[in-house]
Amino acid sequence: MRRPLIAGNWKMNLDLARGRELIAEIRAGLDTGGVRDQVEVAVCPPAVYLFPLGEALKGSPIRLGAQDLHHETSGAFTGEVSAEMLAETGAKYVIIGHSERRHTIGHLEDDRMVNLKARAARRAGLTPILCLGETLGERNARQTLDVLTFQLTAGLVGTKLRDSSDLVIAYEPVWAIGTGQNATPQQAQEAHAHLRARLHTLAGIVADDIRILYGGSVKPENAGEIMMQPDVDGGLIGGASLKADSFVGIVRAALAKVG
Ligand code: PGA
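Residues numbered from 1 in each chain as written. Predicted model: local features only at pLDDT ≥ 70, side-chain atom pairs only at ≥ 80, totals over all residues. Heavy atoms only, no water.

A closer look at the site of the ligand
Moving on, step 1. The full set of residues close to the ligand is Asn9, Lys11, His98, Glu172, Ala176, Ile177, Gly178, Gly216, Ser217, Leu236, Gly238 and Gly239.
Moving on, step 2. Within the contact set of the ligand, an oxygen atom lies 2.7 Å away from a backbone nitrogen or oxygen of Gly178.
Moving on, step 3. Considering the ligand on its own, with 280 Å² of exposed area, one finds that the protein chains cover 95% of that surface.
Moving on, step 4. For the shell around the ligand, a count of residues per class yields three nonpolar, seven polar and two charged. (Near = heavy atom within 4 Å. Polar contact = N/O pair within 3.5 Å; in protein donor to acceptor, adjacent residues only side chain to side chain. Areas by Shrake-Rupley, 256 points an atom, 1.4 Å probe, with all protein chains shown as cover. Nonpolar A, V, L, I, M, F, W, Y, C, P; charged D, E, K, R; others polar.)

Concerning the packing of helix H7 (residues 144-155) against helix H8 (residues 185-203)
Moving on, step 1. Between H7 and H8, the shortest axis-to-axis distance is 10 Å and the interhelical angle comes to 40 degrees. In terms of axis orientation, H7 runs oblique to H8. The hand of the H7/H8 crossing is right-handed. Note on element contacts: H8 touches H7 through Glu190, Ala191, His194, Leu195, Arg198, Leu199 and Leu202, opposite Leu145, Leu148, Thr149, Leu152 and Thr153.
Moving on, step 2. Considering only residue class, the contact of H7 with H8 consists of seven nonpolar, three polar and two charged. (Axes fitted to C-alpha atoms, helices over the stretch in contact; angles between N-to-C directions. Helix = DSSP H or I, 4+ residues; strand = E, 2+ residues; numbered from the N terminus. Parallel < 35°, antiparallel > 145°, perpendicular 65-115°, else oblique. Left-handed = near helix turned anticlockwise from the far one by under 90°. Contact = heavy atoms within 4.5 Å.)

As for the sheet that holds strand S8 (residues 234-237)
Moving on, step 1. With parallel pairing, eight strands are arranged side by side around a closed barrel as S1-S2-S3-S4-S5-S6-S7-S8. Taking each pair of neighbouring strands and ignoring which way they run, the sheet shows an average axis angle of 25 degrees.
Moving on, step 2. Examined bridge by bridge, strand S6 (residues 168-171) and strand S7 (residues 211-215) share four bridges and lie parallel to one another. Note that in S7 the partner of Tyr171 across the bridge is Tyr214.
Moving on, step 3. Sheet contacts for H7: strand S5 (127-132) and S6; angle to S5, the most-contacted strand, approximately 150 degrees. (Pairing = 2+ DSSP bridges.)

As for H8
Residue pairs three or four apart in sequence face the same way in an α-helix, which turns once every 3.6 residues.
Moving on, step 1. With 19 residues, H8 ought to run about 27 Å at 1.5 Å a step, and its terminal C-alpha atoms sit 26 Å apart, in line with that.
Moving on, step 2. Taken residue by residue, H8 has Pro185, Ala188, Gln189, Ala191, His192, His194, Leu195, Arg196 and Leu199 as its buried positions.
Moving on, step 3. For H8, the secondary structure elements touched by its buried residues are S5, H7, S6, S7 and helix H9 (220-227).
Moving on, step 4. Count one or two residues on from H8 and you reach Gly204, which has phi positive near 85 degrees. (Expected span 1.5 Å × (residues − 1). Buried < 20%, exposed > 50% of the residue type's maximum accessible area, 1.4 Å probe, protein only.)

In structure tokens form, the structure reads like this:
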């Protein structure tokens, strides 16, 4: 049985004081909601908050994650942060290849860059949360499954997977991120089942242990049905991760699957 993971992607939001408060509220919400170790919970704050919020998370089961990294260990890369530096903050996860980085920010990351970053994460002992997903144009052109196959294969070039700590996948249809328009549970399941089958071909039996998260406009109101899909193993949550009530509500929906 795969343990669901609910990870909050804070993006470039909140200040440090509010981040601390949110963590305290999430901790309280998980305690009163009876969430122990059945569901894994992580928060991914902006890089400058990783150290202080890592301190705030000490003694709690909530894991820390980063939102990006540079694939080199060190060097003349002004403004960048390496996987090894992230690992020093106590981070366990790092989001790689988020659609905002692929499509809207800075260098517009391609699959080769995403692959280098995922490998750098592994080198430093971090678990990459590898984000994949089709655009609306690709979905309308019925290319979704081909795009997912390509992104998964390219993202994992040169990677050997041994167990579930080596990789988390996040299926995030680009058209569903921050739009309020989530994939239907059936669309999510179809994509997740496809990704797991491809992962079997690429990596063998370990594919049964790798968690595939859904991301894109998840809220407590739609999380229940999405989380219940057999190949959905949790969520990568943007907007709804910025409020303790909604984030914990989504964790509870995942708990209902396994609890
Ligand atoms: P959203 O973002 O939940 O606000 O749609 C998800 C993500 O970008 O990971």
